[in-house]
Amino acid sequence: MEKLISRLFLFLVLALSNLSIRLDGKVISKEILADVDRKLKLLNKPAVKSIQSEDGDIIDCVDIHKQPAFDHPALRNHIIQMRPSLDFAKESFSTKNKSSKPVVFQTWQRSGSCPKGTVPIRRLRRRDLLRATSLEHFGRKTPQVFSESNRTDQKDSRFVYLNNTKLELGSIVNRSAAILVTVGYNYIGAKADINVWNPNVESPGEFSTAQIWLKGGPGDDFESLESGWVVNQNLYGDKLTRFFAYWTTDAYKKTGCFDLTCSGFVQTGSEVALGAAIDHWSTELGQQYYIRIGIYLDPNTSNWWLNYGDDIIVGYWPAGSLMFYLKQSSTLVEWGGEVYSPNVKKTPHTKTAMGSGKFASGLFGNACFMDNVRIVDYSLALKYPEWVGTWADEYYCYTAYNYEKYGAYPVFYFGGPGQSSLCP
């Protein structure tokens, strides 16, 4: 009897070993791994050249005509637009504080560059996809969860006043934001110099961003184009601060993604890689660094262009093929920070920080800031928004402050530590 049990046990072990393998301490079925490998083959295009970055990333230089964008059904016959059909107006920004410096470089650039005719794409690996809750959800933000519509207490209301008009933003359960917002016009561009930090993110399933949003459409099913920096361990596998782009046509439900983790964004530049680490971060009362991000619509093609720095064109979102509301313009622009966590707006609160991890009242050298905030309307001129308002979902955890100094445009400060004595 004992021999029979031993044989049955051995047979079971052998059967399981044929169906699964152990990877990074986890037992994963071979069926799942086969699905992962198929998706990797679709996402990782053949490289003309590969660059091993000091931070562990591999950057593949991919033929511009063979990038992931063209796997999207709406872009199968898309003709690449190499540059915008018009040059957007530029401002000469005088740096009032010499301790603030732009960051143009990404870590991978120390190890090489991509040749002309190729685009740099961060290579995805098995472990990246296996960290996702599902292959379908890989590279996507978790959908927004709205609180019950019958809740009217001030803690859960989410609105700002602009030009004596109440703007309802909706009460979202699983995100906490601190933003500067403008509405009232049709916008075809937005930009800002975004102060770069490396905030603490408590758990792998959470993330913290500093970014620009351009939105259009209804509040529960909006379209959005986004860019800035993010710390997102679940997506990237580390806690580095990285440059990102994002898009959605249905408020993060089923469309869009970070960077090039799905098809849609058309990359044209060979200098900057989406999802790659930013080379320098700011320090408290020390050197301050920023990245200059701009998103602009080409009215002649309905392509929204993403710029990094003054003159580096990253690529574009072809809104004419992918979107409805954003084909012509955006009706809402936001600048600021966002923390995603299932543990916001509850006790105990997440310890994930926003911005520098300091409240907005700390100002320069302490709090994260956005300077040279600008919009573009159909006059094609860069200008400070006529109407702006600030909002913080949890003013005791993360704050927003549009600091105005006589004779200068306002500087927007935002952020906070998350859980603290003020935010238990």
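Now for a quick tour of the structure. As the structure is a computational prediction, the values presented were derived from the model and not from experiment.

**Topic: the overall build of the protein**
Okay, so step 1: Scanning the protein from N- to C-terminus turns up five helices and 24 strands.
Okay, so step 2: Split into buried and exposed, the 424 residues of the protein put 54% on the buried side.
Okay, so step 3: Pairs at least 24 apart in sequence give 73% of the contacts found in the protein among residues at least 6 apart.

**Observations concerning the state of the cysteines**
Okay, so step 1: With the rule as written, the count across this model stands at three disulfides.
Okay, so step 2: Between the sulfur of Cys61 and that of Cys114 lies a disulfide, 2.1 Å long from S to S. On the sign convention where negative is left-handed, the bridge of Cys61 and Cys114, at about -80° about the S-S bond, is left-handed. Residue Cys61 is located in strand E4 (residues 58-63), and its partner Cys114 is located in the loop between strand E5 (100-102) and strand E6 (118-122); the two are separated by 53 residues in the primary sequence.
Okay, so step 3: For Cys114, a relative accessible area of 9% translates into the label buried.
Okay, so step 4: Cys397 shares a disulfide with Cys423; S-S distance 2.0 Å. Where Cys397 bonds to Cys423 through sulfur, the torsion about that S-S bond is close to 80°, and the disulfide is right-handed. One end of the pair, Cys397, is in the loop between strand E22 (389-392) and strand E23 (399-403); the other, Cys423, is in the segment after strand E24 (411-415), with 26 residues separating them in the sequence.

**Some words on the sheet that holds E4**
Okay, so step 1: One open sheet accounts for three strands, arranged E3-E4-E6; its pairing is antiparallel. Each end of this open sheet is capped by a strand with a single partner; those strands are strand E3 (47-52) and E6. Strand-to-strand twist across the sheet, computed as the mean angle between neighbouring axes with direction ignored, equals 25°.
Okay, so step 2: Note: E3 against E4, five bridges, orientation antiparallel. Following the sheet pairing, Ala47 is matched in E4 by Val62.

**As for the side chain of Asn232**
Okay, so step 1: Structurally, Asn232 is set in the loop between strand E12 (223-231) and helix H4 (233-236).
Okay, so step 2: Only 3.1 Å separates the side chain of Asn232 from the backbone nitrogen of Leu235, close enough to count as a polar contact.

**Regarding the pattern of salt bridges**
Okay, so step 1: Applying the stated criterion across every chain, the model contains 21 salt bridges.
Okay, so step 2: Between Lys45 and Asp71 there is a salt bridge; the shortest N-O distance is 2.7 Å. Of this pair, Lys45 sits in the loop between helix H2 (30-43) and E3 while Asp71 sits in the loop between E4 and E5, and the two are 26 residues apart along the sequence.
Okay, so step 3: The class for Lys45 is buried, based on a relative accessible area of 14%.
Okay, so step 4: In this structure Asp71 comes out as partly exposed when scored by relative accessible area, which is 27%.

**Considering the nonpolar core**
Okay, so step 1: Counting 75 residues, the largest nonpolar core has Trp229, Leu306 and Trp335 as its most contacted members.
Okay, so step 2: With six residues, strand E16 (residues 288-298) is the single largest residue contributor to this core.
Okay, so step 3: Phe207, Val230, Phe258 and Trp391 belong to the second-largest nonpolar core, a separate cluster that totals 26 residues.

**A short note on the packing of aromatic side chains**
Okay, so step 1: According to the stated counting rule, one finds 19 aromatic pairs in the structure shown.
Okay, so step 2: Plain terms: the ring middles of Phe364 and Phe369 are 5.4 Å apart, the flat faces sit at 25° to each other, and that makes the pair stacked.
Okay, so step 3: Consider the rings of Tyr384 and Tyr409, whose centres lie 5.7 Å apart with planes at 25°: the pair is stacked. Linking Tyr384 in the loop between strand E21 (382-383) and E22 with Tyr409 in the loop between E23 and E24, this pair joins segments that are 25 residues apart in sequence.

**Points about the side chain of Arg122**
Okay, so step 1: Within the secondary structure, Arg122 sits in strand E6.
Okay, so step 2: A relative accessible area of 9% places Arg122 in the buried class.
Okay, so step 3: A distance of 3.3 Å separates the side chain of Arg122 from the side chain of Asp57, its partner in a polar contact.
Okay, so step 4: Polar side-chain contacts of Arg122 include one of 3.1 Å to the backbone oxygen of Tyr236.
Okay, so step 5: Those residues in contact with Arg122 that lie beyond four places of it in its chain are Asp57, Ile58, Ile59, Asp128, Tyr236, Arg242, Leu274 and Gly275.

Criteria and cut-off values
Along each chain, the written sequence defines residue order, and numbers are assigned to residues from 1. With pLDDT at 70 or above as the cut-off, local features in this predicted model cover only qualifying residues; side-chain atom pairs require 80 or more to be listed or tallied, and sums for whole chains, interfaces and linings still use all residues. Only heavy atoms go into the side-chain values, all of them from the structure, while hydrogens and water stay out. For helices the rule is a DSSP run of H or I covering at least 4 residues; for strands it is a run of E covering at least 2, with both sets numbered from the N terminus onward. Working definition: with a 1.4 Å probe on protein chains only, accessible area under 20% of the residue-type maximum means buried, over 50% means exposed, and in between means partly exposed. By definition, residues are in contact when any of their heavy atoms lie within 4.5 Å. Counting rule for disulfides: a pair of cysteine sulfur atoms within 2.5 Å. Should DSSP find at least two bridges between two strands, the strands are taken to pair. As a rule, the C-alpha atoms of each element are fitted with a line to give its axis, helices using only the stretch in contact, and angles between N-to-C directions run from 0 to 180 degrees. Any pair of N or O atoms that falls within 3.5 Å is considered a polar contact. Within protein, one atom must be able to donate a hydrogen and the other to accept it, and sequence-neighbouring residues count only if both atoms are side-chain atoms. Salt bridges, as used here, are contacts in which a Lys or Arg side-chain nitrogen is within 4 Å of a carboxyl oxygen on Asp or Glu. Among the buried residues, those of types Ala, Val, Leu, Ile, Met, Phe, Trp, Tyr and Cys that are joined through side-chain atoms within 4.5 Å form a nonpolar core. Stacked, edge-to-face and tilted labels apply to pairs of Phe, Tyr and Trp rings (six-membered ring for Trp) whose centres lie within 6.5 Å, assigned for plane angles under 30 degrees, over 60, and everything in between, in that order.

The analysis is restricted to geometry; functional conclusions fall outside its scope.
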